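Listed below, chain by chain, are the residues.
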Amino acid sequence: MAVKQTAGRDALGEFASKFAELNDDVLFGQVWSREDKLSLRDRSIVTVVALMAQGLTDSSFQYHLQSAKNNGVTKAEIAEILTHAAFYAGWPKAWAAFRMAKEVWAEDDVADAKAKHANKIIFPIGAPNDTFAKYFIEQSYLAPVSTAQVGIYNVTFEPGCRNNWHIHHAQSGGGQILICVAGRGFYQEYGKPAQELHPGDVVNIPAGVKHWHGAAPDSWFSHLAVEVPGTETANEWLEAVNDAEYAKATTEEV
Ligand code: MN
């Protein structure tokens, strides 16, 4: 897909129409757009390093840092890229680049962490889980994966987030299956040690068992929640997993 760029025409369309055309249609429209040959993210890294090497830490540099961020370069990665380039391009140039990079990546650590987590999963993170927020500590997100036949939801927990103790009731059948898709989390049945969860782990929760699930204190976590069909199914939400309980559950070696 062609990268749409109008900066050339916006800034120089009247003054230098050929330059504007080469900038917008050739550099961006043809070269940057060859995503099948090299990703936008990689092109951003090449461009940022090339500009830094010349000491060109001006507004165009800021634009390319912002693009790099938009193209998926994380805060940790840009720090590593500029540190690496500093040895080849020059120390003072890295200092100048860092001043600008720090601003570009400053505003949203949480959004960055969320985006990074989102990149690890094929299911969407979805919207803030407002409907069930009163049964959760901290922020969770919910994305329906299937609402027909068997209900399947991708549930994402920010670090430290967990749901209250709860029971999936059913007359027959029922219960819940958790399929872990990304990050690190925990599952605990009442009266038992918590279980640490990693991508690929599956937890079978029979109906009637009091339990909670959520993220590790220092990691985002997503699991698919499968609602096992049954008769007279109902969820009973109980007390919150308080900080002391959560700390004990997530630090105990099992
Ligand atoms: Mn559950």
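## Looking at the packing of aromatic side chains
1) Next: This structure, assessed with the given rule, holds 11 aromatic pairs.
2) Next: Here Y141 and W220 contribute two aromatic rings whose centre-to-centre distance is 6.2 Å and whose plane-to-plane angle is 25°, an arrangement assigned as stacked. Here W220 lies in the loop between β12 (211-215) and β13 (221-227) and Y141 lies in strand β3 (residues 140-146), a separation of 79 residues in the sequence.
3) Next: Taking relative accessible area as the criterion, Y141 reaches 10% and is therefore assigned buried.
4) Next: For W220, a relative accessible area of 8% gives the class buried.

## Description of the side chain of H166
1) Next: Examined against the element boundaries, H166 turns out to sit in strand β6 (residues 166-169).
2) Next: Those residues within four positions of H166 in sequence are excluded, and the remaining contacts are Q176, V209, K210, H211, W212, H213, E236, W237 and L238.

## Some words on the coordination of the manganese ion
1) Next: Looking at the manganese ion, one finds its protein donor set to be H166 (NE2), H168 (NE2), Q176 (OE1), H211 (NE2) and H213 (NE2), positioned 2.1 to 2.3 Å from the metal centre.
2) Next: The sequence pattern describing where the donors of the manganese ion fall on their chain is H-x1-H-x7-Q-x34-H-x1-H. Here H211 lies in strand β12 and Q176 lies in strand β8 (residues 176-183), a separation of 35 residues in the sequence.
3) Next: Residue class for H211 comes out buried when judged on its relative accessible area of 0%.

## Topic: the pairing of β3
1) Next: Summarising the sheet, strand β1 (residues 127-128) and β3 pair through 2 bridges and their orientation is antiparallel. The partner of P128 across the bridge, within β3, is Y141.
2) Next: One ladder, built from 6 bridges, connects β3 with strand β4 (residues 152-157); its direction is antiparallel. From the neighbouring strand, S140 faces β4, where its bridge partner is F157.
3) Next: The turn joining β3 and β4, which pair antiparallel and follow one another in sequence, is formed by 5 residues; a positive phi near 60° is taken by Q149.

The rules behind the values
- Residues numbered from 1 in each chain as written.
- Predicted model: local features only at pLDDT ≥ 70, side-chain atom pairs only at ≥ 80, totals over all residues.
- Heavy atoms only, no water.
- Phe/Tyr/Trp six-rings, centres within 6.5 Å; stacked < 30°, edge-to-face > 60°.
- Helix = DSSP H or I, 4+ residues; strand = E, 2+ residues; numbered from the N terminus.
- Buried < 20%, exposed > 50% of the residue type's maximum accessible area, 1.4 Å probe, protein only.
- Contact = heavy atoms within 4.5 Å.
- Donors = N, O, S within 2.8 Å, 3.2 Å for Na, K, Ca; no water.
- Pairing = 2+ DSSP bridges.

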